[in-house]
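Below are the chains, spelled out letter by letter.
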Amino acid sequence: MKVDYIIVGLGLAGLAFVEELLAANKTFLVFEDDSQTSSLVAGGVYNPVILKRFTPVWNAKQQLEVALPFYKRLETKFNSKFDKKFETKKVFKSIEDQNNWFEAADKPLLSDYLDPEIESKKIKGIIADFGFGNVKETGRVDTKKLVEIYRVYLKLAHKIRFEKFEHQQINFGVDSIEYKNITANRIVFCEGYGMKENPFFNQLPLNEAKGELITIYAPELKIDFLLKSTLFVFPLGDNYYKVGATFNWKDKTSKPSKEGRLELIEKLKKVITIPYKIIDQTAGVRPTVKDRRPLVGVHPTYSNLAILNGLGTRGVMIAPTVAKQLFHHLEKGEELDPVTDIQRFE
Ligand SMILES: Cc1cc2nc3c(=O)[nH]c(=O)nc-3n(C[C@H](O)[C@H](O)[C@H](O)COP(=O)(O)OP(=O)(O)OC[C@H]3O[C@@H](n4cnc5c(N)ncnc54)[C@H](O)[C@@H]3O)c2cc1C
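Residues numbered from 1 in each chain as written. Predicted model: local features only at pLDDT ≥ 70, side-chain atom pairs only at ≥ 80, totals over all residues. Heavy atoms only, no water.

Undergrad: So what exactly am I meant to see when it comes to the environment of Ala209 here?
TA: Turning to its location among the elements, Ala209 is positioned in strand β15 (residues 206–217). By relative accessible area, Ala209 is classed as buried at 0%. Here the alpha-carbon distance between Ala209 and Pro108, two residues 101 residues apart in the chain, equals 31 Å. With sequence-adjacent residues up to four places away left out, Ala209 is seen in contact with Phe247, Asn248, Trp249, Gly284, Val285, Arg286 and Thr288. (Helix = DSSP H or I, 4+ residues; strand = E, 2+ residues; numbered from the N terminus. Buried < 20%, exposed > 50% of the residue type's maximum accessible area, 1.4 Å probe, protein only. Contact = heavy atoms within 4.5 Å.)

Encoded structure:
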């Protein structure tokens, strides 16, 4: 078998890169071993503002300009709904919090997104003594649904193998690579936290940031927006809500834990007062980098090995942009953004 590309991993990064390959009529084969769950469990929220600090997300406007049409095209391609837009209501903790909001809402990169008015209307079941601030242009991509549909689509096209990619089986030819019975021009590794087992790239500084979420059933909670305090609560429909997420820098597993569940219950107590039932709990490891920028680029010695990783806490917004940039770099020799290029760690 001969292909232009082997792709290792079909989460958001792999999927976004495969879309580039399809658009350019490239041949490829994907390997996926279900070892990581990040794209399957992600909240899937996109928000151009970091609400903890009231600062803009890096390149938010540019990323959303690429990402929103990207998910729209996938909705058309699969005749399915993935992107649900809703307003985000940030719960203020104090007067100081409100003042910081006013200040931020005046800033050039934030004024498009932050409504300067403070909403003081009471909402049944929600604790918000200092009111809410409304954030525009936010929403949620159902990443689980998208990735699952995409894997079936690739399976039907015989373009995915559900097995572990074994790095030690790569043989380097003059211009190509042999992997088992496959000859490929390039391999792009989109392995998420699985990169730790990749001997070609595991010296890059990828950190684990395990996250956990719960799904609750709360028929008395009537909200159609994303509620943001120390955690987020967003509607899934039919009285179900997703609540998350935790951050754990020690546990490297994708298993839901009792500690994670208790942390979410404790935080939820400070936000809602109405009864609910926990229906589900999920966990995954976010592939994060200390400088909070993705890992994109080509191996310094093996030029036909490339990486697309480090999407951190914002895979939904970043993946389509960095996949495009890597593809144009590999196929057209366009420069990578030095801020994301893995050469910054050499
Ligand atoms: C709890 C939680 C909440 C989150 N919430 C949000 C959010 O609200 N918004 C947002 O934008 N982001 C969120 N994220 C982050 C987001 O999930 C990630 O940025 C993104 O999914 C990473 O995608 P990826 O494709 O790089 O990695 P992954 O999704 O981990 O995909 C990598 C794939 O590679 C496969 N793989 C690895 N090694 C091999 C191998 N050797 N052979 C074959 N296959 C292999 C894995 O099985 C996996 O499917 C959240 C993450 C978590 C854990």
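There is more to say, and it comes next.
Undergrad: Even after reading the chapter, I still don't get the environment of Val41, so can you show me in this structure?
TA: Topologically, Val41 is positioned in helix α2 (residues 38–41). For Val41, a relative accessible area of 13% corresponds to the buried category. Counting along the chain gives 244 residues from Val41 to Val285, while the straight-line C-alpha distance between them is 9.5 Å.

Undergrad: Would you mind going over the pattern of salt bridges with me for this structure?
TA: Between side chains of opposite charge, a pair can form when the charged atoms approach closely. Enumeration over the complete set of coordinates arrives at 24 salt bridges. Residues Glu19 and Lys77 are paired through a salt bridge, measuring 2.6 Å at the closest nitrogen-oxygen approach. Taken together, the residues Glu19 in helix α1 (residues 12–23) and Lys77 in helix α3 (residues 60–78) connect sequence positions 58 residues apart. Residue Asp34 is joined to Arg151 by a salt bridge in which the shortest nitrogen-to-oxygen separation is 3.1 Å. Here Asp34 is found in the loop between β2 (28–31) and α2, whereas its partner Arg151 is found in helix α5 (residues 143–156), with 117 residues between them in sequence. Residue classification places Asp34 among the partly exposed residues on the basis of a relative accessible area of 49%. The network of salt bridges with common partners includes Lys26, Arg186 and Glu331. (Salt bridge = Lys/Arg side-chain N within 4 Å of Asp/Glu carboxyl O.)

Undergrad: Sorry, what's going on with the site of the ligand here?
TA: Around the ligand, 39 residues are found, and the nearest of them are Glu32, Ser39, Val45, Phe165 and Gly312. At a separation of 3.0 Å, an oxygen atom of the ligand approaches a polar backbone atom of Ser35. In this structure, Val316 approaches the ligand through a main-chain N or O atom, which is 3.0 Å from an oxygen atom. Here the ligand has 1,000 Å² of accessible area as a free molecule, and 98% of this is covered by the chains. Of all the secondary structure elements, the ones that give two or more residues to the shell around the ligand are α1, α2, β15, β19 (277–289) and α7 (315–332). For the shell around the ligand, the per-class residue count stands at 14 nonpolar, 15 polar and 10 charged. (Near = heavy atom within 4 Å. Polar contact = N/O pair within 3.5 Å; in protein donor to acceptor, adjacent residues only side chain to side chain. Areas by Shrake-Rupley, 256 points an atom, 1.4 Å probe, with all protein chains shown as cover. Nonpolar A, V, L, I, M, F, W, Y, C, P; charged D, E, K, R; others polar.)

Undergrad: Looking at this structure, I do not really get the nonpolar core. What am I missing?
TA: Soluble, globular proteins show a tendency: their nonpolar side chains are buried together. Judged by nonpolar contacts, the single largest core of 47 residues is most densely connected at Phe17, Val188 and Leu308. Broken down by secondary-structure element, the contributors of at least two residues to this core are β1 (2–8), α1, β2, α3, α5, β21 (305–309) and α7. Ranked by residue count, the leading element in this core is α7, at 9 residues. Leave out the neighbours within four places in its chain, and Val188 touches Tyr5, Ile6, Ile7, Val8, Phe17, Ala306, Leu308, Leu326 and Leu330. Counting 25 residues, the second-largest nonpolar core is a separate cluster that includes Ile170, Tyr193, Phe201 and Leu206. (Core = buried A, V, L, I, M, F, W, Y, C linked by side-chain atoms within 4.5 Å.)

Undergrad: Can you help me understand the side chain of Gln63 in this one?
TA: Considering the arrangement of structural elements, one finds Gln63 in helix α3. Residues in contact with Gln63, not counting those within four places in the same chain, are Trp58, Met317, Ile318 and Thr321.

Undergrad: Could you clarify how one ought to interpret the packing of α1 against α3 in this entry?
TA: Between α1 and α3, whose axes approach to 12 Å, the crossing angle comes to 75 degrees. Taken together, the axes of α1 and α3 are roughly perpendicular relative to one another. Of the residues in α3, those touching α1 at Leu12, Leu15, Ala16, Glu19 and Leu22 are Phe70, Tyr71, Leu74 and Lys77. (Axes fitted to C-alpha atoms, helices over the stretch in contact; angles between N-to-C directions. Parallel < 35°, antiparallel > 145°, perpendicular 65-115°, else oblique.)

Undergrad: Before we go on, may I ask you to explain the packing of aromatic side chains in this structure?
TA: Both the distance between ring centres and the angle between the ring planes are used here to describe each pair of aromatic rings. Within the structure shown, the criterion is met by 20 aromatic pairs. Here the aromatic rings of Phe31 and Phe165 are separated by 5.5 Å at their centres, their planes lie at 75 degrees, and the arrangement is edge-to-face. With Phe31 in strand β2 and Phe165 in the loop between β11 (160–161) and β12 (170–172), the pair connects residues that are 134 residues apart, well separated along the chain. Pair check on accessibility: Phe31 and Phe165 agree, each one buried. Taking the ring centre of Phe225 as reference, the NZ or CZ of Lys89 above it sits at 5.1 Å. Between the NZ or CZ atom of Arg286 and the centre of the ring of Phe247, over which it lies, the distance is 3.7 Å. (Phe/Tyr/Trp six-rings, centres within 6.5 Å; stacked < 30°, edge-to-face > 60°. Lys NZ or Arg CZ within 6 Å of the ring centre and 35° of its normal.)

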